[in-house]
Amino acid sequence: MEHLHDLARAANPSPSRRRSRPAPSAVRPSLQRFLDAITGAPAWVVNQRADIIALNSLGRALLAPLLDDPDARNNQARFIFLSPAARTFYPQWEAAADAAAASLRTAAGRNPRDTHLTDLIGELVTRSDAFSSRWSAHDVRLHNSGTKHIRHRDVGDLEFVYEAMQLPDHPGWTLFAYTSAAGSPTEERIRLLGSLASTPAETPAPAPETERTGHRRTE
């Protein structure tokens, strides 16, 4: 029903709302501090286009395969539909794809004049048959909680329960937090992932002077 109201408003906009304001993109320092204070669970913020806006340390470590993927360009929907790596990262890829397409359909009903959103949808329809078929299904869905399975390249299979919270000061922004059951393998693996993420990369030791100059130093 809420989606039908969104479509009705889109079809009959009031004169005062004919031009939509651009969505904010800057992350308030207090919001980033809030994310950073969540130390036991991956957490991040996305906008209505599924762009990754901000993350905490565990969120960055968990989503590293997405963030590092050139096809994704920091966008979850692009990653799911355009990157071959997504089918490994999401063992239940079909469910993840259904959810991503339905979320974009819901966002499009609410914000039909968001050109960045329509450009993204056009790109996915053109480049992904999997997205195009789902887009044609006209499925709409809000994802406020659920279960997510991830296969991470560094720590293996993970099973989370997630919660989604809207951020009223930023319309269209959603905060996701992924938690795991106490004592579960996922909890242990997330601790390992956090440890790996906090370990600085080793800096190569400087070469001995004989290697740098080709001569042995004499005293």
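Quick notes on the rules
Residues numbered from 1 in each chain as written. Predicted model: local features only at pLDDT ≥ 70, side-chain atom pairs only at ≥ 80, totals over all residues. Heavy atoms only, no water. Buried < 20%, exposed > 50% of the residue type's maximum accessible area, 1.4 Å probe, protein only. Helix = DSSP H or I, 4+ residues; strand = E, 2+ residues; numbered from the N terminus. Arc of directions from axis to C-beta. Contact = heavy atoms within 4.5 Å. Core = buried A, V, L, I, M, F, W, Y, C linked by side-chain atoms within 4.5 Å. Polar contact = N/O pair within 3.5 Å; in protein donor to acceptor, adjacent residues only side chain to side chain. Pairing = 2+ DSSP bridges. Axes fitted to C-alpha atoms, helices over the stretch in contact; angles between N-to-C directions. Left-handed = near helix turned anticlockwise from the far one by under 90°. Nonpolar A, V, L, I, M, F, W, Y, C, P; charged D, E, K, R; others polar.

Novice: Explain helix H9 (residues 129-136) here, please?
Specialist: Every buried residue of H9 is listed here: Ala 130, Phe 131, Arg 134 and Trp 135. Buried residues in H9, looked at end-on, bunch into an arc of 130 degrees, giving them a common side. Away from the buried face of H9 by more than 90 degrees, exposed residues Asp 129 and Ser 136 are located. Summarising the contacts, the buried residues of H9 are in contact with helix H5 (76-82), helix H7 (93-110) and helix H8 (115-127).

Novice: Would you explain the nonpolar core in this entry?
Specialist: Nonpolar side chains tend to gather and get buried jointly when the protein is soluble and globular. Within the largest apolar cluster, 44 residues are counted, with the highest numbers of intra-cluster contacts made by Trp 44 and Phe 81. Phe 81 has contacts with Trp 93, Ala 97, Ala 100, Ala 101, Leu 124, Ser 128, Ala 130, Phe 131 and Arg 134, leaving out every residue within four places of it along the chain. Core analysis: the next-biggest nonpolar cluster, separate from the first, contains nine residues, Leu 35, Val 45, Trp 173 and Ala 177 among them.

Novice: Explanation requested: the environment of Thr 118 in the structure shown.
Specialist: Along the chain, the position of Thr 118 falls in helix H8. Note on Thr 118: relative accessible area 36%, which makes it partly exposed. A C-alpha to C-alpha distance of 10.0 Å links Thr 118 and Ala 107, two positions eleven residues apart in sequence. There is a polar contact of 3.0 Å between the side chain of Thr 118 and the backbone oxygen of Thr 115.

Novice: Help me understand the pairing of strand S1 (residues 43-46), please; the structure alone is not making it clear to me.
Specialist: What you see with S1 is no split at all: Ala 43 and Val 45 on one side and Trp 44 and Val 46 on the other are buried throughout. Two elements, S1 and strand S5 (residues 174-179), share four bridges in a ladder whose sense is antiparallel. Within S5, the residue paired with Trp 44 across the bridge is Phe 176. In this antiparallel pair of consecutive strands, S1 and strand S2 (residues 52-55), the connection spans five residues, and Ala 50 shows a positive phi of 75 degrees.

Novice: Is there a simple way to explain the packing of H7 against H8 in this structure?
Specialist: Packed helices, taken two at a time, are described by the angle their axes make and the gap between the axes. It is the contact of H7 with H8, at a shortest axis distance of 10 Å, that shows an interaxial angle of 140 degrees. The chirality of how H7 crosses H8 is left-handed. Within the contact between the two elements, H7 uses Leu 104, Ala 107 and Ala 108 and H8 uses Leu 117, Leu 120, Ile 121 and Leu 124. The residue inventory of the contact of H7 with H8, partitioned by class, reads seven nonpolar, no polar and no charged.

By themselves these figures say nothing about function.
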